Amino acid sequence: MAAAKTLSFADKRHHWDVKLSPFGFISPYFLIFGAFGLFPLLYTAFVSLQKRNLLDAEGATFIGLGNYEQLLFHDPYFWNAMGNTVSLWLLTTIPQILFALGVAHLLNRRLRGRTLFRMGMILPNITSVAAVTIIFAQLFGRDFGLVNWVLSWFGAGQIDWQAGTASSHTAIAAMVVWRWTGYHALIFLASMQAIPSSMYEAATLDGARSWQQFWRITVPLLRPQIIFSTVIATTGNMRLLAEPLLFNPGTAAATGGSDRQFQTAALYLYEQGFTKYDFGYSSAIALVLAVATMLVAGVSYLVTRRIQTD
Amino acid sequence: MRPKTRNRRTRLLAGACAALAAVTVLSGCGDSGAGGGKIKLSLGLFGNFGYTDLIKEYQAAHPDIEITERTAAYSDHHKNLAAHLATGGGAADIEAIDTGYVAQFKATPDKFVDLNTVGGDKLKDRWLGWKWSASLAKAGQQIGYGTDVGGLAICYRRDLLQDAGLPADRDAVSALWPTWQAFFDAGKRFQAKAPNGVKWMDGGPTVLNAIVGQAPVGYYDQNDQIVVGSNPALRTGWDQVVDAVKANLSAGLLYSTPTWNTGFTQGQFATVTCPAWMMTKIKDQAPDTAGKWDVASVPGGGGNWGGSYLTIPKQGKHTKEAADLAAWLTAPEQQAKVFTSKGLLPSTPSLYDDPKITGYTNPFFNNAPVGKVFTDAAKKLNPQYQGPKAGDVQTEFGNAMQRVEQGKQDGAASWQQLVGDVAKLK
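Source: prediction; values computed, not measured.

What follows deals with the overall build of chain B. Broken down by element type, chain B carries 19 helices and 10 strands. Judged by the C-alpha coordinates and their principal axes, chain B covers about 100 × 50 × 45 Å. Considering chain B as a whole, with its 426 residues, one finds that 55% of them fall into the buried category. For chain B, contacts bridging at least 24 residues in sequence account for 75% of all contacts bridging at least 6. Total accessible area on chain B is roughly 17,100 Å²; 52% of this is exposed by carbon and sulfur atoms.

What follows covers the overall build of chain A. Looking only at helices and strands, one finds 14 helices and two strands in chain A. Against the 2.2 N^0.38 benchmark of 19 Å for 310 residues, chain A shows a C-alpha radius of gyration of 25 Å, more extended than a compact globule. The C-alpha extent of chain A, read off along each of the three principal axes, is 90 × 70 × 35 Å. Counting only contacts in chain A whose residues sit at least 6 apart along the sequence, the fraction spanning at least 24 positions is 67%.

The next point concerns the packing of helix 11 (residues 232–246) of chain B against helix 19 (residues 411–423) of chain B. Residues and elements named next belong to chain B. Where helix 11 contacts helix 19, the axes come no closer than 11 Å and their chain directions differ by 140°. When the axes of helix 11 and helix 19 are compared, the pair comes out oblique. Considering the relative orientation of helix 11 and helix 19, their crossing is right-handed. Along its contact with helix 11, which presents L234, R235, W238 and V242, the element helix 19 presents G411, A412, S414, W415 and L418. Across the contact of helix 11 with helix 19, the residue classes tally to six nonpolar, two polar and one charged.

Attention now moves to the nonpolar core. Ranked by internal contacts, the top residues of the largest apolar core, which has 127 residues, are B:Y51, B:F105, B:W200 and B:I282. Residue contacts for B:F105: discarding those within four places in its chain leaves A:L55, A:Y277, B:H78, B:L81, B:A82, B:L85, B:I97, B:F112 and B:I143. Counting 19 residues, the second-largest nonpolar core is a separate cluster that includes A:Y68, A:F78, A:A266 and A:A292.

This paragraph deals with the state of the cysteines. Residue and element names in this part refer to chain B. Enumeration over the complete set of coordinates arrives at one disulfide over all chains. C155 shares a disulfide with C274; S-S distance 1.9 Å. Here C155 and C274 share a disulfide; its torsion about the S-S bond, -90°, makes the bridge left-handed. One end of the pair, C155, is in strand 5 (residues 153–157); the other, C274, is in strand 7 (residues 269–274), with 119 residues separating them in the sequence. Comparing C155 with C274 shows no difference in burial state: the two are buried.

Quick notes on the rules
Residues numbered from 1 in each chain as written. Chains lettered and ligands numbered in written order. Predicted model: local features only at pLDDT ≥ 70, side-chain atom pairs only at ≥ 80, totals over all residues. Heavy atoms only, no water. Helix = DSSP H or I, 4+ residues; strand = E, 2+ residues; numbered from the N terminus. Buried < 20%, exposed > 50% of the residue type's maximum accessible area, 1.4 Å probe, protein only. Contact = heavy atoms within 4.5 Å. Areas by Shrake-Rupley, 256 points an atom, 1.4 Å probe, with all protein chains shown as cover. Rg over C-alpha atoms; globule rule 2.2 N^0.38 Å. Axes fitted to C-alpha atoms, helices over the stretch in contact; angles between N-to-C directions. Parallel < 35°, antiparallel > 145°, perpendicular 65-115°, else oblique. Left-handed = near helix turned anticlockwise from the far one by under 90°. Nonpolar A, V, L, I, M, F, W, Y, C, P; charged D, E, K, R; others polar. Core = buried A, V, L, I, M, F, W, Y, C linked by side-chain atoms within 4.5 Å. Disulfide = S-S within 2.5 Å.

Quick look at the structure:
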């Protein structure tokens, strides 16, 4: 401390420089984040306190928490949308992670042409979400869909996939799982390859079967990746918009089915903002959805963190 | 020591500046100016306006103007337009707006060029009076030039009606259904002997739209109040269509969806409510069915469904040129060409007695005299007042009827939910 008093101005400046330059180097990220991340977020929060028509910013009036009160306490369609969101989150995230683990496990063996298979895993992910959804919507068509055609071999009746709650959620979940399983599988595969083979050899000597090895060695050692994948998948799956929107194309796309049976919260936001032009209300939905996403991501973090070796 | 420090500081500053520059460049990247000296005009459309040949003609007459068409699906188009108007950028120089949405957009007339200030007031008499006033804002600004009107007829499959033992000749078919009740009764006769997998009508929502379009009062009264719950014409129509759905006459398809389009190509239904623009859709969607279709008069008298406007968003760079182009595209001469090439019914009454129009027969529809059918209908048409959210009310009607068709609710429960849903549209 005493030494600090004797420092010259130049030395002090050097001291600040050393301390501050790192911030300078990372500043581009934060400046861009500020402009394209933080500012829109704060602006959304500001708009959510207004009664405001999308096309008429001048006519906006400040109504405090009025939008939130309406949303949380008087709007059954919002809670319907939140219910669908959570249902779709479960139906997409859990199969995604489980399938990805299984696929990664299979690809972690000596296979003929395994590079080809590994590359193939990422293909669904790099195709356009709109194209995927339109094709899946046809596969799940009521009259001429491939899925119903295959099911008819087993005597199943003609399923109107869009009409039911369970059937529509299943169809939408299938699109999401198909699209993202490969992505997570590659992450898991990369980490699997880092697990020393001596651990498996030792386990084999101890008489552990491959199933036991998978659950007792592979999965626990992949814990950080599973946590990462689950959190990433959660934040994505809580905000599903394109899939439910394009599953039901046409004038009623934004309502997510005739009885809103597959309208997610993000789709409800879209409906309020862009068909009803209620900019304030849809901003409030956006913020509530963001908070809900953080909560659910926190829960999935806590759940996946419990994976451990015994 | 000192020079190094300064170096670092300069680098730091440079880094921050670069970051700032990146931010400004990114946020400032709008559309770059017109290149090549030509004035570039874009047209934002939905469906098929039949403008492709007209655009070539206009470009040939105006070598300094280059026109591009952007076509999107109906609902996407109107949502995108709202977003572009809200953000003040991205809209085309000319944006088409459907009748169902025009009242909503004219509520914010300052987003559009007031066509009355660029010569529109002198063109006013071109259009049907109600067409002109439907896009006229409260304070008198005109936001759009009318393109087509819908009118109403019924398009039907001659071959399928014949297979089921019904008459196929258009006059005999028209005579089958003076009223909607007669239309549904004919449907029951059809369905009893219908070819496998074929239904009488495409879907409840389509038919219901026609019935709504014929009512003297539709979703709104003149004071912009939604009167769905208290309008007996709507409830009567609703109940009739629900009965038809229960009698298994409907293929259960919602209009303007891919499955509905497939229904045309697969021949899943024998009749479809036919505003003039629907003929274009059928022809585009199922070109293989040429000659199998015909056109009969609509049950229950004249009515309108659809028709559009061309508007000029103020945010455009060349609003003057865009307004000229819109005026040209909607002029009677051009509307006549669109009618004979695409079948869209003109909104300019001077054509309704033009032999070129009235004498027009459509080969795709078994040479039906559509010129006469639709101009007669247009002359008789009693314009219905369209309220601000008519398009959204129509969407809710479609959803409500779908709930019945999908077996999710009965007619009464679905109606009750519908009345509650439309009450939230303010």
